[in-house]
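Results of the structural survey
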There are 2 protein chains.
Amino acid sequence: MARTSDRAQRAGHAGVSIEDVAAAAGVSTATVSRAVRGLPRVSPATREKILAVAETMGYVASSSASGLATGRTKTIGVLAPFVSRWFFSKAIEGADRELHARQYNLSLFNLGGHGSNRERLFSKTMVYKQIDALLVLCMALTHDEIEHLQKIDIPLVVVGGHVEECPYIGIDDYAAASTAVRHLIELGHRDIALLHGDDETDLNFDVPRVRIRAFKDLMAEAGLDARPEWDERGDFTVPSGQAAFKRLWNRPGPKPSAIFCASDEMAMGVIFEANRAGVRVPEDLSVIGIDDHDFSEAIGLTTVGQRPDEQAELGTKMLLDELDGNAGAVRSTIAPHRLIVRGTTAPPRAAGTSARAAATRAAGTSARAAATRAAGTRDLRGSPAPQAS
Amino acid sequence: MARTSDRAQRAGHAGVSIEDVAAAAGVSTATVSRAVRGLPRVSPATREKILAVAETMGYVASSSASGLATGRTKTIGVLAPFVSRWFFSKAIEGADRELHARQYNLSLFNLGGHGSNRERLFSKTMVYKQIDALLVLCMALTHDEIEHLQKIDIPLVVVGGHVEECPYIGIDDYAAASTAVRHLIELGHRDIALLHGDDETDLNFDVPRVRIRAFKDLMAEAGLDARPEWDERGDFTVPSGQAAFKRLWNRPGPKPSAIFCASDEMAMGVIFEANRAGVRVPEDLSVIGIDDHDFSEAIGLTTVGQRPDEQAELGTKMLLDELDGNAGAVRSTIAPHRLIVRGTTAPPRAAGTSARAAATRAAGTSARAAATRAAGTRDLRGSPAPQAS
DNA sequence: TTGTATGCGTTATCAT
DNA sequence: ATGATAACGCATACAA
């Protein structure tokens, strides 16, 4: 009723409204709405005037109001199990690029580990009705959670890990792991250890298992023995790589001449600990990882690289296209990976073409410097890997 | 007008509304609202019934609608120049903890570096009217940007970097840097190089400069020479640390026996490159950083640690308390830092108590293993540092 | 091209 | 304790 006094009261509350602008510009709110959103049906003259007024008044639309009116929040959610690990922080970065370029907001949901605030996130007020689409980062999800997500009925895509019935973007883990193992085998290694990342929970997360399978398949194919005592488990982190190396080297018996790590961080852990134990890389032990972590080049780590940022960016683009009415824009896609040979892999000492290894050992004093290198100086940049299946 | 058909049409649109629940429960929307929010004025009986109905119907309030009604979005914004660097990803993690524990959402705004999409973020529809408060992470801000932020008039706090006129949470950079340099000096080093992170833009970001000042003050205090040719500039990243080491060692003339790096990542770059060049750490070169990066323990890096996650968590808590009506909850606070002595620092070879250094050199074969270590094995866990000013 | 009117789903005020 | 009902600020058919 007391329209005027209401308005006056509100004034200090949430800034200038579209009505204020309309009044100041001498037009209706409808016209202002069209003008500020760049819609067609408004004359150049009035548009200019409105824009000017809006600018000076510092008008910016209330997202709540327009969200309520349109039914869209203009923000997409990003679900991540961690944010400070390489894959995830890179993916978030990539999603953000695409999002903000298209005027969307990024709402981050960190499901630290397994327990805690998970349920709340899925079942309660969060996630749901706050976002227009959801980008899931390489998560181990329970069946209930998956069901929940699908019931929400918004565009959804998962990056970096398979989830049943959900569109997926990521590298071909089997092919990537195979590429790494093949590199080792071709170098002449026969005694190859495996450092995988399977935590054997019942969660839906088969990335580790696929990499394990690739390892075993290739070993078998080459007629090599995948010794159970060289089968180590980690959790994709540096400390778990360190621990694995220690277990491997403290155990009596023969040592592997190479180790395939399911992630670069674990590979780094192995390398750091090997250095500390006086085991030379790659002379005594070749190490290869998967990822191409930010630090890998500096360390000289040979790896099979992938680009989580680009994967997430692509996933986000699909989501946004879908929201733009482009039905079917979200489609499972295999992202590229490529072998990047650097300094942590070399032929085994005892093996076939031991020329280089022998030379290194025989080089006397200078060998010391060579051995000191956490990473070799060779830097043969990665040749593109065969893109499998 | 045709109310019923409207409702039918809407049905598939955005899920079940409060009105649907009210109807199903045989009460008014007002009561439902109170019930689901746990507000007082509703009888236990009806509350229980409403909650049950809401549960089975899968009701969840529209954030847009309640945002419009209350004027609060229940989300706070986090402004970061990077998301995949240690400090920031950790800080985001910390903010997220507190936020989601208190039912708030986290909206991430990544302002990549200096140029690019900065303006859009500040002046346009983003940030503003989408969030209830803002957490700024260690940003280099222009004066215009600062002004802009303050005009928005929402609770604001910056973590990890000073911004004029803004409440601030972070370590005492001067004290932290002093602690690091003092450690080196007390070890007997006289030839100390500096690797700082100042990019000398005109932006408001004095963290690097404060650390530089601390270095120079302490050197002067100890009567030591801060040689200009040992004053290197980096950008807090590993590669910049590598580059700095190379410049230092490629230059003719005497070499420093220790180097103080303004970040752990730069320190790692130095270490990796030193290994590659056959310069032994800490025998030939002591290295100390600031941060206590996730990888620092594995590498054995001596450093002055800080906890960005806790800093951000505290900042977030303050913001939320302020929003909860607790005026004055946001206050500048100094966060703790502590010296963590690990394996990359030791007395200089030529210096006073050269017992250990000499022993290492004389150890023959075993010295080789020692030299191989990217990091020493000593792992004296950090004694708490004197908390300065 | 521009304006009018109504709906969006909640919250909050004021009765009852 | 519960129920009408008026905002909230914007978008959008529909009318002009």
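In this text the structure is predicted, and so the values were computed from the model without any measurement. (Residues numbered from 1 in each chain as written. Chains lettered and ligands numbered in written order. Predicted model: local features only at pLDDT ≥ 70, side-chain atom pairs only at ≥ 80, totals over all residues. Heavy atoms only, no water.)

1. Thoughts on the pairing of strand β3 (residues 133–137) of chain A
All names here are of chain A. Here β3 lies mainly inside the structure; five of its five residues are buried. Here strand β1 (residues 75–80) runs beside β3; their pairing, made up of four bridges, is parallel. Note that in β3 the partner of L79 across the bridge is V136. A crossover connection joins β3 to the parallel strand β4 (residues 156–159) through helix α8 (residues 143–152); in handedness this β-α-β unit is right-handed. (Buried < 20%, exposed > 50% of the residue type's maximum accessible area, 1.4 Å probe, protein only. Helix = DSSP H or I, 4+ residues; strand = E, 2+ residues; numbered from the N terminus. Pairing = 2+ DSSP bridges. Right-handed = clockwise from strand over helix to strand, strands pointing away.)

2. A few points about the pattern of salt bridges
Counted by the stated rule, this structure contains 42 salt bridges over all chains. Between E93(B) and K90(B) there is a salt bridge, and its shortest N-O distance comes to 3.8 Å. Of this pair, E93(B) and K90(B) both sit in helix α6 (residues 86–101), separated by three residues, roughly a single helical turn. D284(B) is paired through a salt bridge with R280(B); the nearest N and O atoms lie 2.9 Å apart. When sorted by exposure, D284(B) lands in the same class as R280(B), which is buried. Ionic contacts of the salt-bridge type, sharing partners, join the residues R97(A), R307(A), D309(A), E310(A) and E313(A) into one network. (Salt bridge = Lys/Arg side-chain N within 4 Å of Asp/Glu carboxyl O.)

3. Topic: helix α11 (residues 238–250) of chain B
With 13 residues, α11(B) ought to run about 18 Å at 1.5 Å a step, and its terminal C-alpha atoms sit 18 Å apart, in line with that. Listed in full, the buried residues belonging to α11(B) are V238(B), S240(B), G241(B), Q242(B), A244(B), F245(B) and L248(B). Among the structural elements, α13 (296–299) of chain A together with β6 (192–196), β7 (231–233), β8 (258–261) and α12 (264–277) of chain B are those in contact with the buried residues of α11(B). (Expected span 1.5 Å × (residues − 1). Contact = heavy atoms within 4.5 Å.)

4. Considering the packing of aromatic side chains
A full pass over the atoms with the stated rule returns 10 aromatic pairs over all chains. Both rings, one in F82(A) and one in F88(A), keep their centres 5.8 Å apart while their planes meet at 55°; by these two values the pair is tilted. For F88(A), a relative accessible area of 8% puts it in the buried group. Between F87(B) and F88(B), the aromatic rings sit 5.4 Å apart at their centres with planes inclined by 75°, giving edge-to-face as the arrangement. (Phe/Tyr/Trp six-rings, centres within 6.5 Å; stacked < 30°, edge-to-face > 60°.)

5. What about the side chain of T345(A)?
Residues and elements named next belong to chain A. Inspection of the secondary structure assignment puts T345 in the loop between β12 (338–340) and α15 (355–362). Here the side chain of T345 touches H183 through a polar contact of 2.9 Å, side chain to side chain. A distance of 2.9 Å separates a polar atom in the side chain of T345 from a polar atom in the side chain of T302. (Polar contact = N/O pair within 3.5 Å; in protein donor to acceptor, adjacent residues only side chain to side chain.)

6. With respect to the sheet that holds β8(B)
By definition, the strands of a sheet pair up through backbone hydrogen bonds, in either a parallel or an antiparallel sense. Residues and elements named next belong to chain B. The mixed open sheet is built from six strands, whose spatial order is β7-β6-β8-β9-β10-β12. The sheet terminates laterally at β7 and β12 (338–340), the two strands that pair on one side only. Across this sheet, the average inter-strand angle for adjacent strands is 20°, counted without regard to direction. Here β6 runs beside β7; their pairing, made up of three bridges, is parallel. Following the sheet pairing, H196 is matched in β7 by R233. Docked against the sheet, α11 engages β6, β7 and β8, running at close to 145° with respect to β7. (Axes fitted to C-alpha atoms, helices over the stretch in contact; angles between N-to-C directions.)

7. Describing the nonpolar core
Within the largest apolar cluster, 60 residues are counted, with the highest numbers of intra-cluster contacts made by L135(A) and L135(B). Those residues within four positions of L135(A) in sequence are excluded, and the remaining contacts are I76(A), G77(A), V78(A), L79(A), A95(A), V157(A), V159(A), A312(A), G315(A), T316(A) and L319(A). In this structure, L301(A), F236(B), F245(B) and L285(B) belong to the second largest nonpolar core, which totals 52 residues. (Core = buried A, V, L, I, M, F, W, Y, C linked by side-chain atoms within 4.5 Å.)

8. Some remarks on the sheet that holds strand β6 (residues 192–196) of chain A
Residues and elements named next belong to chain A. The strand order across the open sheet formed by six strands is β7-β6-β8-β9-β10-β12, and the pairing between neighbours is mixed. Each edge of the sheet is formed by a strand with only one pairing partner; in this case those strands are β7 (231–233) and β12. Adjacent strand axes in the sheet meet at a mean angle of 20°, parallel and antiparallel pairs treated alike.

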